[in-house]
Amino acid sequence: MNDTPLLSVDSLTTTFETDGGTLTAVDGIDFDVREGETLCIVGESGSGKTVATESVTRLVKSPPGQVEGTVRFRGRDITEMSESELREIRGNNIAHIFQNPQDALNHCYTIGWQIAEAIQIHEPDVSDEAARDRAVDLLDRVGIANATARFDDYPHEFSGGQRQRVMIAMALATNPDLLIADEPTTALDVTVQAQILRLLDELQDEYGMSILFVTHDLGVVANVADRIVVMYAGKVMERGGVYDLFERPAHPYTQALMECLPGKGQGDGGIPGSLPDPLNPPDGCRFAPRCDHAVDACRTGDQPEEIEIGDGHRVSCVYYQSGYDESTVADESLGTGTSTATGGVGDD
Amino acid sequence: MGLEWYITRRVAWAVIVTFIIVTLTWALLTAAPNPQVSQAATQAALQGGDPAEARERARELRGLDAPLHERYIDYVTGVYTLEWGWSESRNQPVTEALLESLYYTAQYSVPWTILTILLGPLVGIYSAANQYSWKDHVATGFAFFGYAIPNFFFGIILLLVFGVYLDVVPIVYNTDVAVFSLENAIQLVLPVFVLVTGSIGGTMRVSRNESAEYINADFVKTATAKGVSPLRIYARHILRPTMVPLSTTIVAQLLYLFVGSSLLVEVVFGIPGLGQTTFQAVIAQDTSLVLGSTLFFTFIATVGNLLQDVVYTVLDPRISFDER
């Protein structure tokens, strides 16, 4: 049983019809989330991470959005499900928390009402009093002081960090199997960020849930992830365990991301260039236009097949195919940053 | 503190506003020549009497010889004790005349108001849910048409088509039919329809634009992610915040049409309601009745605005009534 992943995503493609043509935000990616683990999807803004996670339970607005591919949850194909079957899963088995706690709660209702709604939608037999008691317990658990009194407060009476705590309480209301956390700490200041991450970690142990964590912040990744998927322009560049990726980043894009970490590498201005036009992505590797090592083979065909270079560590780069010298990319990164980067991350 | 104190203060303001408007109306009409007095003078002159003496007598008879401040104080006391004077043109107390007219006005105003409040947000949210589809365009086109066409003109056209050519509705309003009867319903269909098309346009547009904004709001995504059904999302999560700006529009639209257009509509359809009564009173220079109906409209507008302010604070908890 433990071999079947909790969530299994296969060739997930999400497109949007726009005036300029079809925009492919997520382009045939696959990933698994295992029981009890935290999978991080990493990539710069606009790389399709959020759309990918919102495609899992089809939160993407359709039209203009169109989700294709298979998503299996506990072996059940949820892409084949009707809207009403899907609603049973949403919130109940797969819960979401979002990037911006300022707007994620409805300002017209008390936070207690909103948590109780999450409970009673999935368990209609629960009385108002029982739902209230459970909501108060949850608020207490996520660290809202004086939870009984604050049940009747409105979202605007809470700070950003507290609102994210309320969102977490709401997500936990039905004891989900999977929590999708889409940049849950990005809008918060650093001290609050650390508190929320610690809270999520505690709750994961307590509730035994899996977490699919989306972030662009590698510092956060190092803190929370078991495994990492690196996304760029709707494609997966590299994936692997957190130690493999931080110690031996194989893809030039991953290496470039690592070098952006404070105190790592020599560059201080990030990765030169910008994301390709999603309406008209380049041939070959999506990262080729910004890659220092790109050769002609990188600019033709499709994104290179992922190649296994370690236990569960896979990379989508031509240099790891037979006939290429992978030390070209490896050497280069060793020469600039890997020696310091590995040392630095190892100490974290 | 709290809602009660807020409402108390708002009511106090409402009384002051009413007072100012009553004073202004009274001042304007006092400054205007009184038709009965001039008529008495003309008559006396025609019959060989002394016009100046007749004018004096007429003024004395109506208490117009008293000093201004006395007449003003008398009037204001009357306003608050519901003694609104005697209508010369209708030969009955002003309050009675107004009540009689209100009886007819209410018969089309009540269904009109209810329909506007129900249909406006519904059509607007329907439009927003189907944004930029043909359904949205039809609803929007309908709204713009109703908003743009003058009510009295639309009324005349409808009366011509359905009353004269198709002969399905009576052309002359019949005051003898019972309030809750088919005949009454039939004769009220057109005025109600005309007024609803007029008021629904603005309401529908505001609710469409506001809810279109909320349909893409993060908290709606949260609700979807919780497993809330689309119907419940519209009814609970989108309608509620939409109602906040919408309540302003609804009250403003209804007041505007009630005070302005309903007069023209009443004249077109021959309904002896408040608008028509006011119109006749102005023509007949029936000072007391004009003052009375002005007072009544003022009252309606003030209460409407008061309701709107209260509804605001109830609908959107972020609007505080403590500091105002």
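Trainee: When you look at the overall build of chain B in this model, what are you seeing that I'm missing?
Mentor: Looking only at helices and strands, chain B features 12 helices and two strands. Mapped in sequence order, the helices and strands of chain B form the string α-α-α-α-β-β-α-α-α-α-α-α-α-α. Here the contacts in chain B between residues at least 6 apart in sequence split such that 72% fall between residues at least 24 apart.

Trainee: Help me understand the interface of chain B and chain A in this model?
Mentor: How big an interface is tends to be stated in terms of accessible area lost as the parts join. Taken together, the contact pairs 18 residues of chain B with 22 residues of chain A. Secondary structure elements with two or more residues in the side of chain B that touches chain A: α9 (218-226) and α10 (230-269) of chain B. Ranked by residue count, the leading element in the side of chain B that touches chain A is α9 of chain B, at seven residues. By residue class, the composition of the side of chain B that touches chain A is seven nonpolar, five polar and six charged.

Trainee: Help me out: how do you make sense of the domain arrangement of chain B in this one?
Mentor: Taken domain by domain, chain B consists of domain 1 (33-83) and domain 2 (94-315). With centres defined by C-alpha atoms, the gap from domain 1 of chain B to domain 2 of chain B works out at 41 Å.

Trainee: What is the right way to look at the nonpolar core in this model?
Mentor: As a rule of thumb, nonpolar side chains are buried together in soluble globular proteins. Of all hydrophobic cores here, the largest spans 133 residues; its most connected members are Cys40, Ile115, Ala169, Leu178, Leu179, Phe213 and Val230 of chain A. Sequence-distant contacts of Val230 of chain A, defined by excluding residues within four places in its chain, comprise Val42, Gly43, Val236, Met237, Glu238, Arg239, His251, Tyr253 and Thr254 of chain A.

Trainee: Just checking my understanding: could you explain the domain arrangement of chain A for this structure?
Mentor: Residues and elements named next belong to chain A. You can read the domains of chain A as domain 1 (7-228) and domain 2 (245-273 + 281-347). Taken together, the contact pairs five residues of domain 1 with seven residues of domain 2. Top contributing element to the side of domain 1 that touches domain 2 by residue count: helix α8 (residues 218-224), with three residues. Here the side of domain 1 that touches domain 2 is composed, by residue class, of three nonpolar, two polar and no charged.

Trainee: Help me out: how do you make sense of the environment of Gly49 of chain B in this one?
Mentor: Mapped onto the secondary structure, Gly49 of chain B falls in the loop between α2 (35-46) and α3 (51-61). Not counting residues within four places of it along the chain, the set of residues in contact with Gly49 of chain B comprises Ala44 and Ala54 of chain B.

Trainee: Would you mind going over unusual backbone geometry with me for this structure?
Mentor: Across the chain, the bulk of peptide bonds are trans and the bulk of non-glycine residues have phi less than zero. All names here are of chain A. Look at Ser11: it is not a glycine, yet its phi comes out positive at around 35 degrees. Looking at where Ser11 falls in the secondary structure, it is placed in strand β1 (residues 7-18). C-beta crowding within 10 Å serves as the criterion here: with 11 such atoms nearby, Ser11 is assigned to the exposed category. The phi torsion at Arg58 lies on the positive side, around 50 degrees, for a residue other than glycine. Mapped onto the secondary structure, Arg58 falls in the loop between α1 (49-56) and β4 (65-73). Arg58 gets classed as buried once you count the C-beta atoms within 10 Å, which come to 20.

What counts and what doesn't
Residues numbered from 1 in each chain as written. Chains lettered and ligands numbered in written order. Predicted model: local features only at pLDDT ≥ 70, side-chain atom pairs only at ≥ 80, totals over all residues. Helix = DSSP H or I, 4+ residues; strand = E, 2+ residues; numbered from the N terminus. Contact = placed C-beta atoms within 7 Å. Nonpolar A, V, L, I, M, F, W, Y, C, P; charged D, E, K, R; others polar. Domains from an automatic or database assignment. Core = buried A, V, L, I, M, F, W, Y, C linked by C-beta atoms within 7 Å. Buried ≥ 20, exposed ≤ 12 C-beta atoms within 10 Å, placed from the backbone.

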